[in-house]
Amino acid sequence: MWGIGDSADPAARRANRANSFGAQAAVYAEHRPDYPAAAIRWALAPIGRTEVTVLDLGAGTGKLTDGVLAVGAEAIAVEPDAAMLAELVRRYPSVTALSGAAEAIPLPDASVDAVVAGQAFHWFDQERAFPEIARVLRPGGVFAAFWNTDDTSAEWVAGLQRVSRSEVSFTPSDEEEKLPAHPLFAAFEKAEFPHSQRRTAESLVTTIGTHSHTVVIPTEQRTALLDRIRAYLRVTPATAEGEFDFPLRTEVIRAVPRESPRH
């Protein structure tokens, strides 16, 4: 979960997938799930106060930004992809939105109370990103990363995962499943929250079509993959007709800096 386990030409494949979302910006904004308020509150709890400024790093189209605003925090968004950033600005015109990356955050030292990342931390160059995250955090701040993952305890969801794999899909190794660590941060904690997204068979196909492993493959393969997913959903009793709740788990990791960075 915390890393990308592609094995064939890993650097090129990782970069290709990380940069694949811009063409899907509007669809991504409409169809990707949000994040539960309980997960966001848990992530921000170490700060110990409610009036906080939160940087959404790798903000995409603002899925996590929206949740930050909903819990009453001030949000700043930083996103490297121009199309994704433009969609975020369109949807949240009052939010300060900046072009930038985790490895070079365009903010002053000690300028935010929290840094959060939704479905983005695994794309960061962690050795370069962690010092930047620590730099922009105020004393008493926190860093947290979020992932929405399919709840495969439902058998039909486990089946969906099997039919959804493409040639660039990966299975994280045991090493990659370990919590990250960095000398500038205390040990990470992890929590998990139940979540769901209201879908139809067609809208779930569209959602899966925004995932990087379906975006970067050739058009013919992508069409065949999405058709296979659609056929599976149409013959599965839980998803064959009308709307249904697609079960998710929201995983969150958080850590506080060991001490305020010195400059």
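Above: the structure in question.
Computed from a predicted model, the values in this text were never measured in an experiment. (Residues numbered from 1 in each chain as written. Predicted model: local features only at pLDDT ≥ 70, side-chain atom pairs only at ≥ 80, totals over all residues. Heavy atoms only, no water.)

1. Section: the overall build of the protein chain
Stated formally: Numbering of helices and strands runs from the N terminus, with a helix taken as a DSSP run of H or I at least four residues long and a strand as a DSSP run of E at least two residues long. In this analysis, two residues are considered to be in contact whenever any of their non-hydrogen atoms come within 4.5 Å of each other. All accessible areas in this document rest on Shrake-Rupley with a 1.4 Å probe, and a residue is counted as covered only by the protein chains that are shown.
Of the regular secondary structure elements, the protein chain holds eleven helices and seven strands. The contacts in the protein chain between residues at least 6 apart in sequence include a share of 79% that link residues at least 24 apart. When the accessible surface of the protein chain is totalled, it reaches about 12000 Å², and 51% of it is carbon and sulfur.

2. Some points on the sheet that holds strand 6 (residues 189-199)
In a beta sheet, neighbouring strands pair by backbone hydrogen bonds and run either parallel or antiparallel. Rule in force here: The pairing criterion is simple: DSSP has to find at least two bridges between the two strands. Where helices are involved, their axes are fitted lines through C-alpha atoms of the stretch in contact, as for all axes, and angles between N-to-C directions lie from 0 to 180°.
Judged by pairing direction, the sheet is mixed, and its seven strands sit side by side in the order 3-2-1-4-5-7-6 without closing on themselves. Two strands in the sheet have a free side with no partner beyond their single neighbour: strand 3 (96-99) and strand 6. For this sheet, the mean inter-axis angle between neighbouring strands, taken without regard to orientation, is 25°. Sheet topology note: the strand 1 (residues 53-57)/strand 4 (residues 112-118) ladder contains three bridges and is parallel. Across the sheet, aspartate 56 pairs through a bridge with valine 116, a residue of strand 4.

3. As for the pairing of strand 5 (residues 137-150)
Looking along a regular strand, one sees side chains alternate from face to face of the sheet. This is how the line gets drawn: When a residue's accessible area, from a 1.4 Å probe over protein chains only, is under 20% of the maximum for its type it is buried; when over 50% it is exposed; and in between it is partly exposed. A crossover counts as right-handed when, viewed with the strands pointing away from the observer, the path leading from the first strand over the helix to the second turns clockwise.
Burial within strand 5 is extensive, with eleven of its 14 residues counted as buried. Pairing geometry for strand 4 and strand 5, over six bridges, is parallel. For glycine 118, the partnering residue across the bridge sits in strand 5 and is phenylalanine 146. As for the winding sense of the linkage, the β-α-β connection from strand 4 through helix 6 (residues 126-136) to strand 5 is right-handed.

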